[in-house]
Amino acid sequence: MEPDVSIETSCMIRIAVLPVGTVPASVLRDYFSMFLRHHTIPLAAISSFYTEHQKSPFAHQPWDAGSIRFKFLLGGAPPSPWEDFQSNRKILAVIGICHCPSTPDLDSAVEQFTAACKNYSSALVQRCFAFCPCDSQLEDGGKKEDVLRLFPPADHQTLDIHLQTMMQEIAASLLMDFEKWVLKAESAGTILKTPLDSQASLSSEEVLKAKKRRLGRAQKTIGDYCLLAGSPVDASAHYSTALELARLTGDFFWYAGALEGSVCALLMDRVGHVDVVLEDEVKYQYNNVILHYRKSFIQDNAQRVSPLSFELEATLKLARFLCSGTDDTAFKSSYLCRSKLSKDVVELLTNAADGGKSLIDVNDRLVLFVEIARLFGTLGYQRKAAFFSRQVAQLYLQQDNKFAATSAMQVLAMTTKAYRVQSKASVSDPPCTKKQTGPSHTDSGKMHHHLIVSLFESQWSTLQMVVLREILLSAVRAGDPLTAWSAAARLLRQYYPLITPAGQNGLASALNNSAERLPSGTRSADPALPFVRLHSFPLHPSQMDIIKRSPAREDWWAGSAPSGPFIYTPFSKGEPNDNSKQELVWIVGEPVQVLVELANPCAFDLRVDSMYLTVHSGSFDAFPISVDLPPNSSKVITLSGIPTSVGPITIPGCTVHCFGVITEHHFRDVDNLLLGAAQGLVLSDPFRSCGSAKLRNLSVPSISVVPPLPLLVSHVVGGDGAIILYEGEIRDIWISLANAGTVPVEQAHISLSGKNQDSIISIPYETLKSVLPLKPGAEVILPLTLKAWQLGPMDFEIGGGRAATSGSTGRQFKNASVPTLLIHYAGPSTDSEDATIAKVSNLPPGRRLVLPLHVCVLPGMSLVKARLLSMEIPAHIGDGHPKPVHEEEDPASETVEESDRKMEKRLVKIDPYRGSWGLRFLELELSNPTDVVFEIGVSVQLDGTDDNNLPIDQDGNSEYGYPKTRIDRDYSARVLIPLEHFKLPVLDDSFFMREFCNEGSTSSSRSPSFSEKNTKAELNASIKSLISRIKVRWQSGRNSSGELNIKDAVHTALQTSVMDVLLPDPLTFGFRLTRDNSSPQQESGSKDSVLANDMAPMEVLVRNNTKEMIKMSLGISCRDVAGENCIEGGKSTVLWAGVLNGITMEVPPLQESKHSFSLYFLVPGEYTLVAAAVIEDANDVLRARAKTDSPDEPIYCRGPPFHVRVLGTA
Amino acid sequence: MIVCVAVVGHQSFTEADDALKLHHIVHCSLDVVDERVNNPKKSGPTLNETFLGLLYPTENYKVYGYLTNTKVKFILVTTDLDVRDVDVRNFFRRFHAAYVDAVSNPFHVPGKKITSRTFAERVSNIVKSFGLSST
């Protein structure tokens, strides 16, 4: 069987084209393609070369319209045993191609050509064409005119014209030779045999029949030559004779042959005018042909030779005619006709395929399947074509040689389209790419459904895998490592769920083996593993946020900062920072990152030698990295690069060097795959099978690259680590800002955000302003003062938890709670060049530097408890009391005591003559849970305005410092703060004024709750002012110091008794001895003691602390050590002179009055004198102070006890 | 005997012995189906015809096709050489009903392979009864 047969094959003259000498393959191909253009030579064109020697046997030669056809066979062909039967099988001419530059010796070339021609005994014309001869060869070759035709060196077109002329000459010579041959055959008659009848016909034929048969065969052959000579009418005439004779003699084989020839003649005659009638005629005739070929089947020699191949060829010819014929005419596109025709063709081809099974020769079968596949392809039955192509490939693979394997590989490559496993290399411009690159990417999967189905027809995975495996096998056998690699890659990537781990390993080693044979740096269009999908585009590291600037607003930063706790605020809608979601801005020269996720769903370790982002525009420098992926794993990695030029940029995928070959992985492909997997159309989702979480559909932002912007880089001077502060610690830090960009910073603005903003005490706005513009490379240092905030209970928990897990110091660092410094800055607002046309659009964006202050607050000194203590130290009665009474009322400078602690001399004093009755202390219990030592210093700030009568004893500072207290680690200590300082000098209504106003009026009009509330507020305010004046500062080590926050604790401690602390009693009492200075006892004894059995004159001093006259009834009592009243009662040991009870006194406001009396102590010892008074006609102020409500209740004032030491006289 | 029944379209359900070969046959039959789909008959009575008839005979098999309104294709491959069209039509009608019931399962993902056991049983029943009625 022969490939590419058609009905017209019968009228084609076969010319063997042979390379002579050495002809490089590409050159040979080039020359051969030139020949192919001259496959049809019009008869009109050859008349100049044609000379009619005798009367031409081709009487009806159509000189004006007819043509001679050539069929060129490169490399020639061995003679066919069927040459006699079909003359077109003969090689009727031989053309040598000699490429002079590579074949210098023309003589040997001619020799070689002549030798080669000997193999073609049937050749009537022999020519050797020598192309591109040099001058010497031209000279030399001129002598061999007869065989060698030299083509002068010329361009392609000229050469073509030359060749055309040569071909016309050959056509003419052939035509003349045909004439000769026909004339000879007609006269002499030749014996024509086929392998079919060589034995059978010799013995048993009748002579007449044999002669007739011979005549018929001769007529048929003449008809063949007529066809070859381009004279269909003559051919028809001869064929009809031959048909008649063959029918008579029962020579079915030749009958069929003659019939074929006549159909060919019919078509040639009607060239270009095929219509339905003709088509039906051809179909009918050819069915006849097929029938007769079948009839000629002889059982005897079926083993050796069979007309089957002719039958099949005829079938194919008819099928091809029907296929191609249908396309010619428009009216046949209607369904009925087409369906009928294609049905016919399918039937023919199916029969041919069935018949092919009994073909003896494997090559015949190969040719048959190739032809069937081609015809199915022409018909549009791609799948059937693919099926037969696969059969062809299998036949090729049965032959165990490299070329067959290559052929198999190529044939299989053609089937890949039908099976949808084609290599991407063969898909030049898939239509789907355009559809999907657009904004539709974000759409739901609906739109791409059909695409996915067509891309991943998982239902045919069985077939697809078989095909790919066969391609791999044939490629390995053919020694084409790249195809093998690509097939293995496709197999592995698409069908890994269907391949056993062992099979996967096998494919991996196939990939590696193929790669070893490939030069390094080979690219393949088909990606293997891993699967790569886009994970995310990390927005700019917070340090590099980009904010759009609007030229209209000077403070473009306002509103762009995330202010407040809301992620979304309706007010920020439309602000530039919203856009960052869809648009990504990259900056020339600044590195960017893209996160991708890799998956290796296979059972082997995958090593990606290098991978980097692919950007086709070339305006991006990508940094490659290498990754190792263990079996069944996925990994998110960061790919980075630097944009190099301004403009939009797209990242379609990344380039991967894996298994020794460079491939490009498109994100879109994997997206489609995943979409397909989600819909159940694709075998499996590689990421999910690797245990990776489902990723939300990532919208790929449109990325644009903008020109360089300034870039501020910050670091904290002294290290970027967390600043560790104890609660309340105050520290200065310095932040260095450097411009790492290439553009100066011309605008800058600092703002705060985040939690604990108030912990930043001072912000250097001016420092920053003063250094602008900040040139590239310049640096500025901004000082900041921080005060560590108080840890809330939650912070403690977290800190504690951390400490428990980490086991370390318990330092806690919570990003959420740190304050953040926002620095908005921008470069020059316009380029200097186009300053005149400063448009909105080309205002370069500003940037935001988000600088979280990594402050780590450690629990420092903690206040365990605060409470109010009162201390009562009775005073001694003496006479040396130098101070005026009004000064006694202001004991601030002297009444400080700190228990169990050393005190400074000036602060220790307690006036023994005054005592400190009702002295109140604020006791702070502090504990030190840290591992450092704290020193506590308490200072009390006294308001000058309030305490105008305070002795400003030192350097005019109204702040009192107390000695430092040291608290060791893990210890707690108490600090006492005397509160006497705060006592008001005068009890008047100023404190209660509002209270009283309210009270007075509320009883009638206002609601009591309101007044209460008001009172409380007043009270709180006074407590607050009190507290704010007490400061507990601490210091630890050399450079950490801070202030303890005690407000809340103190507040609660003071809540109940603030009135007692702040307000003086309405009356204060004091005793003193009134003696003569000359008294000898006094000088000898202690001056503050009295002698027993002696009269001790005393006076009681009563001071009115209010602004109104107080009338009272004063009484004095004296008690001994046991507390017994010694003045009254039966066993009284003290005698007295003067009035002790019921003394009526009136004390003017802010004055004091005395009352003198004398005591006579009978027994030495300690005695206590107490003065008490009942205030008469008390006013509201007094009543309020005494916390009595009823106006009838007497107000009772009691003074502090005074001690009297009575010495014995002995 | 019916050797293969396949649902092709968004779905694929195959019941076969010599899987690969039948895969090929069914795959190839789609050429014919495609052709009929792409060149619909304009004539009235055949407008809504779902039965595609004999698609093509191959070696030992006859391939019949059926196309639902939603373009889901049913392919029947049989070794019986004399099959009455009525039987095949009947078969396809019952098979279609079974298919509709199977895909009406709310848990069935359109486009995915049908994994219902009931469907498989029902189909094998239909297949068996086809064998009975035809012989």
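Owing to the predicted nature of the structure, the values given are computational and were not obtained by experimental measurement.

Quick notes on the overall build of chain B
Alright, step 1. Helix and strand counts for chain B come out as three helices and five strands.
Alright, step 2. If you list the helices and strands of chain B from N to C, you get β-β-α-β-β-β-α-α.
Alright, step 3. A total of 135 residues make up chain B; the buried ones form 48% of that total.
Alright, step 4. For chain B, contacts bridging at least 24 residues in sequence account for 54% of all contacts bridging at least 6.
Alright, step 5. When the accessible surface of chain B is split by element, carbon and sulfur atoms take 54% of a total near 6800 Å².

Focus on the sheet that holds strand 11 (residues 592-600) of chain A
All names here are of chain A.
Alright, step 1. Reading across from one edge, 8-11-15-13 is the order of the four strands in this open sheet, with antiparallel pairing throughout. Looking at the sheet topology across the chains shown, the edges are occupied by strand 8 (531-536) and strand 13 (620-623). With strand direction ignored, the average angle separating the axes of adjacent strands in the sheet is 35°.
Alright, step 2. Here strand 8 runs beside strand 11; their pairing, made up of five bridges, is antiparallel. Residue pairing for strand 11: Ser536 is matched across the bridge by Leu595.

As for helix 8 (residues 232-249) of chain A
An α-helical segment advances 3.6 residues per turn. Residues three or four places apart therefore align on the same side.
All names here are of chain A.
Alright, step 1. Over its 18 residues, helix 8 extends 25 Å from the first C-alpha to the last, a length consistent with the 26 Å expected when each residue adds 1.5 Å.
Alright, step 2. Those residues of helix 8 that fall on the buried side of the exposure criterion are Pro232, Asp234, Ala235, His238, Tyr239, Ala242, Leu243, Leu245, Ala246 and Thr249.
Alright, step 3. Gly250 lies just past helix 8 and shows a positive phi near 70°.

A look at the environment of A:Gln157
Residues and elements named next belong to chain A.
Alright, step 1. Structurally, Gln157 can be placed in helix 5 (residues 156-188).
Alright, step 2. Using a relative accessible area of 61% as the deciding quantity, one classes Gln157 as exposed.
Alright, step 3. Measuring from C-alpha to C-alpha, the distance between Gln157 and Met34 comes to 10.0 Å, with 123 residues separating the pair along the chain.

Re the pattern of salt bridges
Residues and elements named next belong to chain A.
Alright, step 1. Enumeration over the complete set of coordinates arrives at twelve salt bridges over all chains.
Alright, step 2. One salt bridge connects Asp609 with Arg607, and the closest N-O pair in it is separated by 3.7 Å.
Alright, step 3. For Asp609, a relative accessible area of 39% puts it in the partly exposed group.
Alright, step 4. Through salt bridges with shared partners, a single network forms among Arg607, Asp609 and Asp628.

Some remarks on the sheet that holds strand 12 (residues 606-614) of chain A
Residues and elements named next belong to chain A.
Alright, step 1. Taking strand neighbours across the sheet as the criterion, the five strands line up as 7-18-17-12-14 in an open arrangement whose pairing is mixed. Two strands close off the open sheet at either side, each with one partner strand: strand 7 (523-524) and strand 14 (625-629).
Alright, step 2. Two strands pair when backbone bridges link them, and strand 7 and strand 18 (residues 661-666) are joined in this way by two bridges, in the parallel orientation. Looking across to strand 18, one finds that Arg523 is bridged to Ile662.

A short note on the confidence of the model for chain A
All names here are of chain A.
Alright, step 1. With 70% of its residues at a pLDDT of 70 or more, chain A shows a mean pLDDT of 71.
Alright, step 2. A low-confidence stretch, residues 429-456 stays under pLDDT 50, and its non-local contacts, those more than four residues away or across chains, total 33 contacts.
Alright, step 3. For residues 832-840, every residue scores under 50 in pLDDT, and the model assigns this stretch five contacts once sequence neighbours within four places are set aside.

So, the side chain of A:Thr785
Alright, step 1. Position of A:Thr785 relative to the elements: it lies in strand 25 (residues 779-787).
Alright, step 2. Dropping the residues within four chain positions of it, A:Thr785 is found in contact with A:Ile730, A:Arg731, A:Asp732, A:Ser759, A:Ile760, A:Ile761 and A:Ser762.

Structural notes on the packing of aromatic side chains
Both the distance between ring centres and the angle between the ring planes are used here to describe each pair of aromatic rings.
Residue and element names in this part refer to chain A.
Alright, step 1. Evaluation of the coordinates by the stated rule reveals 18 aromatic pairs over all chains.
Alright, step 2. Ring geometry for Phe604 versus Phe659: centroids 6.1 Å apart, planes at 70°, classification edge-to-face. Residue Phe604 is found in the loop between strand 11 and strand 12, and its partner Phe659 is found in the loop between strand 17 (653-658) and strand 18; the two are separated by 55 residues along the sequence. Residue Phe604 shares its accessibility class with Phe659, and that shared class is buried.
Alright, step 3. By the ring-pair criterion, three or more aromatic residues cluster together here, those being Tyr31, Phe35, Phe70, Phe72, Phe129 and Phe131.

Thresholds applied
- Residues numbered from 1 in each chain as written.
- Chains lettered and ligands numbered in written order.
- Predicted model: local features only at pLDDT ≥ 70, side-chain atom pairs only at ≥ 80, totals over all residues.
- Heavy atoms only, no water.
- Helix = DSSP H or I, 4+ residues; strand = E, 2+ residues; numbered from the N terminus.
- Buried < 20%, exposed > 50% of the residue type's maximum accessible area, 1.4 Å probe, protein only.
- Contact = heavy atoms within 4.5 Å.
- Areas by Shrake-Rupley, 256 points an atom, 1.4 Å probe, with all protein chains shown as cover.
- Pairing = 2+ DSSP bridges.
- Axes fitted to C-alpha atoms, helices over the stretch in contact; angles between N-to-C directions.
- Expected span 1.5 Å × (residues − 1).
- Salt bridge = Lys/Arg side-chain N within 4 Å of Asp/Glu carboxyl O.
- pLDDT = per-residue confidence, 0-100.
- Phe/Tyr/Trp six-rings, centres within 6.5 Å; stacked < 30°, edge-to-face > 60°.

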